[in-house]
Amino acid sequence: MIRLKNNKQIDGIRESCHMLSAMFRELIPLVKEGTETLDLDHWVHGWIIKAGGKPAFLGVGSPKNPFPGSICISVNDQVIHGIPSKRKIASGDLVSLDCGIDLGGYISDQAITLAIGRVSPEAAALVRVTEECLYKGIGAARTGDRLLQIGRAVQGHAHEGGFTVVHQFCGHGVGLALHEDPQVHNIPRGPNPKLSAGMVLAIEPMINMGVPEVKTLDDGWTVVTADGAYSAHWEHTVALFPDRTEILTEDVTKVP
């Protein structure tokens, strides 16, 4: 069931989103060659707690295999849900960072992909096109229109850029829980409800350089491309109003 949010609830979600984007701005300079992804996770955990929030990702999943980090850090062929580890970031890596904050019961969700050092032209294009896919999807999210137009916009732009779209995972409703209805696919498939004012959505294209298929590793979390090719991931939390769609998280990679 899709949970429509009132203005007070959206205000709370917006505050959580602004906190999350502030965290990302301070995190980005730390994501560099030689840094262990586990050290980044520890930094994120401390920042969120100090700011008065809770890491929304920490401990999610089944009780037998809860996610052990406060942020997902996925490198190169890792698409999503990368577990922070002793792995050191290297020049040429694509590093996708996906994080959420629970601020008094209001949940935010955002992801970015960073190109570290000297990356190939193809990898740089993948990062750029995936971010463009995000904004194409957001542009298609309008009150009164239909959900599947988001996936249609994402898929069309990815294919124009020569890349493929992950279809086994998707975006989702968010705000009062980490994962809510509806599922927001990056291809036009599944139910196609009308978009309504009060919807809060996490729109998150996951775009691959090679084949669209992915698989989950034995750790039960890390999703990788089936062919080992690079992947990129961008995400914003957005709220729908009668007259507009507001991006609640902020652009954290551009210099003001």
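How each quantity is defined
Residues numbered from 1 in each chain as written. Predicted model: local features only at pLDDT ≥ 70, side-chain atom pairs only at ≥ 80, totals over all residues. Heavy atoms only, no water. Buried < 20%, exposed > 50% of the residue type's maximum accessible area, 1.4 Å probe, protein only. Helix = DSSP H or I, 4+ residues; strand = E, 2+ residues; numbered from the N terminus. Pairing = 2+ DSSP bridges. Polar contact = N/O pair within 3.5 Å; in protein donor to acceptor, adjacent residues only side chain to side chain. Salt bridge = Lys/Arg side-chain N within 4 Å of Asp/Glu carboxyl O. Core = buried A, V, L, I, M, F, W, Y, C linked by side-chain atoms within 4.5 Å. Contact = heavy atoms within 4.5 Å. Axes fitted to C-alpha atoms, helices over the stretch in contact; angles between N-to-C directions. Parallel < 35°, antiparallel > 145°, perpendicular 65-115°, else oblique. Left-handed = near helix turned anticlockwise from the far one by under 90°. Phe/Tyr/Trp six-rings, centres within 6.5 Å; stacked < 30°, edge-to-face > 60°. Lys NZ or Arg CZ within 6 Å of the ring centre and 35° of its normal.

**Regarding the pairing of strand E9 (residues 200–203)**
Burial along E9 is two-sided: Val200 and Ala202 and Leu201 and Ile203, pointing in opposite directions, are all buried. Looking at chain direction, strand E7 (residues 171–173) and E9 are connected through two bridges and run antiparallel. Counterpart to His172 in the pairing with E9 is Ala202. Here E9 runs beside strand E14 (residues 236–240); their pairing, made up of four bridges, is antiparallel. Looking across to E14, one finds that Leu201 is bridged to Val238.

**Observations regarding the environment of Asp93**
With respect to the helices and strands, Asp93 occurs in the loop between strand E3 (78–80) and strand E4 (94–103). Judged by its relative accessible area of 7%, Asp93 falls in the buried class. Along the backbone, Asp93 and Ile10 are 83 residues apart, and their C-alpha atoms lie at a distance of 36 Å. Within the structure, the side chain of Asp93 is placed 2.9 Å from the side chain of Asn76, a separation counted as a polar contact.

**Considerations on the pattern of salt bridges**
A complete count under the given rule lists nine salt bridges for this structure. The salt bridge partner of Lys5 is Glu180, with a shortest N-O separation of 2.5 Å. Of this pair, Lys5 sits in the segment before helix H1 (7–27) while Glu180 sits in strand E8 (residues 180–184), and the two are 175 residues apart along the sequence. Between Arg14 and Asp11 there is a salt bridge, with the nearest N and O atoms lying 2.7 Å from each other.

**Comments concerning the sheet that holds strand E10 (residues 206–208)**
Strand order in this open sheet of three strands is E6-E10-E13, and the pairing throughout is antiparallel. Each having just a single partner strand, strand E6 (164–165) and strand E13 (231–233) make up the two edges of the open sheet. In this structure, E10 lies alongside E13, joined through three bridges in antiparallel fashion. Considered in E13, the bridge of Met206 is made with His233.

**Describing the nonpolar core**
Counting 51 residues, the largest nonpolar core has Phe24, Leu27, Val31, Leu97 and Ile203 as the members making the most contacts within it. In contact with Leu27, other than residues within four places in its own chain, are Leu40, Trp43, Val44, Ile71 and Leu97. Counting 16 residues, the second largest nonpolar core, distinct from the first, contains Phe57, Phe67, Trp221 and Leu248.

**What about the packing of H1 against helix H2 (residues 37–51)?**
Interhelical geometry of H1 versus H2 gives an angle of 140 degrees and a closest axis separation of 11 Å. Taken together, H1 and H2 sit at an angle that is classed as oblique. In this structure, the crossing between H1 and H2 has a hand that is right-handed. Here Met19, Ala22, Met23, Glu26 and Leu27 of H1 lie close against H2, whose contacting residues are Leu40, Trp43, Val44, Trp47 and Ala51.

**Overview of the environment of Pro66**
Along the chain, Pro66 turns up in the loop between strand E1 (54–55) and strand E2 (72–75). Looking at Pro66, the relative accessible area reads 35%, which means it is partly exposed. Taking C-alpha positions, Pro66 is 9.2 Å from Trp221, a pair spaced 155 residues apart along the chain. Each residue touching Pro66, except ones within four places of it in the same chain, is listed here: Gly59, Val60 and Trp221.

**Some thoughts on the packing of aromatic side chains**
Tallying each qualifying case throughout the model produces one aromatic pair. Against the face of Phe241 rests Arg244, its NZ or CZ located 3.9 Å from the ring centre.

**So, the sheet that holds E14**
What the five strands build is an open sheet, ordered E8-E7-E9-E14-E15; its pairing is antiparallel. Both outer strands of the open sheet, E8 and strand E15 (245–247), are each paired with one neighbouring strand and no more. Ignoring which end each strand starts from, the neighbouring axes of this sheet average 25 degrees apart. Sheet analysis places E7 next to E8, joined by three bridges and oriented antiparallel. Residue pairing for E8: Gly171 is matched across the bridge by Val184. Strands in contact with H1 are E9, E14 and E15; relative to E14, the strand with the most contacts, it is inclined by about 160 degrees.

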